[in-house]
Structure formats: C-alpha cells, structure tokens
Amino acid sequence: MSDEKLQKVLARSGFGSRREMERWIEEGRVVLNDQPAKLGDRVSVADKIVLDGKPVTLTFASMAERRVLIYNKPLGEVCTRHDPEGRTTVFDNLPPLKQGRWVAIGRLDINTTGLLIFTTDGELANRMMHPSMQIDREYAVRVLGNVDDDMLERLKQGVLLDDGMAKFTDVRYFDGEGANKWYHCVVMEGRNREVRRLWESQGLQVNRLKRVRFGPVFLPSDIKVGTWRELPPKEVELLARELELDTARTHRPTPNEAEKEQRLYKRQKVRQAVIKGQPAVEEKRRSGKTKARSVGKRNTGNRGRRV
C-alpha cells in the first residue's frame, strides 16, 4: 500500500500550506495512530489522524482531482489567503471545493491585474513556479515617459536592482501615442515588483500593469476582470503534459454538479476594482489591440502552446 509524507497529505486535504503543517506537527497538534506525529512520518489510508483533538479525513494522491482555474485579478485584491487588514483577497470569490484547496500559482501585487492560475495539485503549482522549469511570464504595461531603443536594450541586457541583476527576456512596443504607451514585456522570474522596478530604473512611471500570460497559459478575452473559469479536463491534461507530470484524475462532475457549477459561474460579477470606497465598475471594451499577444520565445521543447 502506497504512503505519503504526513504534512504533504494534510496540505492537500486543505488544512494549510505544507510549511504550516510541518509547524503544527512540531507543535504537537497532530496525532498519528494515537501517538504524537513527527516530521518525516508517512501515512496511508489505513492510518488514523487526529488534528487538534478531532479526527480528520485526508485526501491522498489516488483520491485527489487535478483541477486548474484561470482568474482575472482586479485592482485592489491581495494574493494572500487571510489578510490581517481585512482586504479582499483573490481567494474570496473562487468556487468552493469539496476536498483540498485552491493553490495560487505565483502572485500579483495589489496594484497589478490580470492572469492568476489556481490549482488543486501542489506538484503542478511547484512545476510552474520552480526556476528550473524556465517558465516565462508576460505582462502588458503602460508607462509614462519617453522610451528609446537604447533604454529597451538596457532592459534586455540587464539592470542591477536592490536584490540583484534583472532583465526582460523580451520587450516590445505595443500601442499608444503621446506620453503614455503600452509595451509587452517578458520575465523569467517572479521577484517582488520586478516588472515595475525594471521600468522605474529607467526613470519611467508604470501606471498600468497586467499579466497576460504565464508560460503556456494565456488570459482569454472572455474572462472579464474579477471573474474566473475552470479549465476543462482536456486542457488540464494538455498543461500537465507540457509540465511533464504524471497522469492524474481530472474533475468530471455529475450532471447535477455540472449544473450547480454553471449557475455559480454565471452569477459572477465583473469587478474592475475592489479598492475600499471605490465602486466596482465594468471593464470597458477596448479596441482589441491589448488582447493577449505573445512576445518572446518559448524556452523548452514544445512548451508554450496555448492552453
């Protein structure tokens, strides 16, 4: 009978992150088969787990469903599960799960909008975020100031920031006239405010920033700001193959479940901004020029197809 590390199974079952579960185990909050659990313990479906004095049901890899959801983050939401300041988080409007929990793949700061990917599969999330996978992120950015070819070349060659060298693997003019212009730029890392800091290093001001692509996943134009859409099984399987993951169960709801999920999907409200005191407004339709258009080359094999 296969077994897994206790903290990994607890995290998959939706009780918290793997690090949180490790801390809980060290604090003695987890009991395994009537004995205090220890880091490194492995568990199977035959084991009995008690958390904070209450028996719990765990979700093992053989039971788990691999689900992936695309979310168009509005301005003003924070990428944390629980915010001490009481601000709206990106998790607040996601569909509920019967088992496990949604894991965010990467983060966006409060003033950045656009593509966020969520999954129930921690290994898929880890593959997409791990530097060794060389998965790029593409952003549409509106900058205020004069941009010349020398400046763009410096941004591609590398700029020394407070936390080390950084660069765009590609950056191109996209749209706009006058002082404000749109560019599309690509980075290979997910460092804090990296895109903003790169532009600001050249004396420019970023007044709009939106992620439009994360590796092979694009932000579709039909997912309006503040709304989500779950990827169908075929697209989840395609993404898993791109990431060289083993086959896993995908979400195939019963007719009743599918009807309920469809009602939940249709009840979503477009929310361009959720800043306190600012009314939510519907996203204005643009000319179509800012729809996701990829720049830059893909980095490994056939990775990078539209999912």
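In case you missed it, the structure is sitting above this.
**Q** Even after reading the chapter, I still don't get helix α6 (residues 233–242), so can you show me in this structure?
**A** Since there are 3.6 residues in each turn of an α-helix, residues three or four apart along the chain are aligned in direction. Turning to α6, its buried residues number three or more, namely Pro-233, Val-236, Leu-238, Leu-239, Ala-240 and Glu-242. Check the buried side of α6 and you find it contacts β7 (65–66), β8 (68–73), α3 (122–129), β17 (217–218) and β19 (249–250). Looking one or two places after α6, you find Glu-244, whose phi comes out positive at around 60°.

**Q** Can you walk me through the sheet that holds strand β2 (residues 30–32) in this structure?
**A** Strand pairs in the sheet, formed through backbone hydrogen bonds, run parallel or antiparallel to each other. Strand order in the open sheet made by the 4 strands is β3-β2-β5-β6, with antiparallel pairing throughout. The open sheet has two free edges, formed respectively by β3 (35–36) and β6 (54–55), since each of these has just one partner strand.

**Q** Would you explain the pairing of β8 in this entry?
**A** Consecutive residues of a regular strand have side chains that alternate between opposite faces of the sheet. Most of β8 sits out of view: 6 of its 6 residues are buried. Side chains Val-68, Ile-70 and Asn-72 project from β8 onto one buried face, and the interleaved Leu-69, Tyr-71 and Lys-73 project onto a second face that is buried too. Alignment of β8 against strand β10 (residues 113–119), held across 6 bridges, turns out to be antiparallel. Along β10, the bridge assignment pairs Val-68 with Thr-119. As paired strands, β8 and strand β18 (residues 228–230) are joined by 3 bridges and run antiparallel to one another. For Tyr-71, the partnering residue across the bridge sits in β18 and is Trp-228.

**Q** Would you mind going over a negative patch on the surface with me for this structure?
**A** Residues Asp-148, Asp-149, Asp-150 and Glu-153 make up a contiguous surface patch of negative charge. On the secondary structure map, Glu-153 appears in helix α4 (residues 149–157).

**Q** Would you mind showing me how to read the layout of surface pockets here?
**A** Rolling a probe over the atoms, with the probe sized like a water molecule, indicates the empty space that remains. Its volume calculated, the largest pocket comes out at about 1400 Å³. For the largest pocket, the lining is made up of 40 residues, of which Arg-18, Val-103, Asp-121, Gly-122 and Ala-125 are closest to its centre. No other element matches the 6 residues that α3 contributes to the lining of the largest pocket. The class makeup of the residues in the lining of the largest pocket is 14 nonpolar, 10 polar and 16 charged. If you add up the space inside the second largest pocket, you get close to 830 Å³. Lining the second largest pocket are 37 residues, and of these Arg-67, Glu-230, His-251, Pro-253 and Glu-261 lie nearest its centre. Secondary structure elements with two or more residues in the lining of the second largest pocket: β7, β18, α6, β19 and α7 (255–266).

Here is what the cut-offs are and how they apply
Along each chain, residues carry numbers from 1 onward, in the same order as the chain's sequence is written. Totals for whole chains, interfaces and linings use every residue, but because this is a predicted model, local features are given only for residues with pLDDT of at least 70 and side-chain atom pairs only at 80 or more, for both listing and counting. Hydrogens and water molecules were not included; the side-chain quantities draw on all heavy atoms of the structure. Residue burial is assigned from relative accessible area. The probe radius is 1.4 Å, only protein chains are included, and a residue is buried under 20% of its type maximum, exposed over 50%, and partly exposed in between. What counts as a helix is a DSSP run of H or I of at least four residues, what counts as a strand is a run of E of at least two, and both are numbered from the N terminus. The contact rule is simple, with two residues in contact once any of their heavy atoms fall within 4.5 Å. Pairing between strands is defined by DSSP: at least two bridges between the two strands are required. Patch building starts from residues that exceed 30% relative accessible area and form no salt bridge, then joins like charges within 9 Å and nonpolar side chains (Val, Leu, Ile, Met, Phe, Trp, Tyr) within 5 Å. Exposure was quantified through the Shrake-Rupley algorithm and a 1.4 Å probe, taking into account, for residues, occlusion by the shown protein chains and nothing else. Salt bridges are defined as contacts in which a side-chain nitrogen from Lys or Arg sits within 4 Å of a carboxyl oxygen from Asp or Glu. In this tally Asp and Glu are treated as negative and Lys and Arg as positive; neither His nor the chain ends contributes. A charged residue contributes its charge at one atom only: NZ of Lys, CZ of Arg, CG of Asp or CD of Glu. In this analysis, the protein atoms alone were mapped onto a 1 Å grid. Cavities are point sets where a 1.4 Å probe fits without being able to get out; pockets are open sets with protein on both sides within 12 Å along at least five of seven lines; lining residues have an atom within 4 Å of a point. Grid points are joined across faces, edges and corners, and a volume is the space filled by probe spheres set on the points. For this scheme, ten residues count as nonpolar: Ala, Val, Leu, Ile, Met, Phe, Trp, Tyr, Cys and Pro. Four count as charged, namely Asp, Glu, Lys and Arg, and the remainder, Gly too, count as polar.

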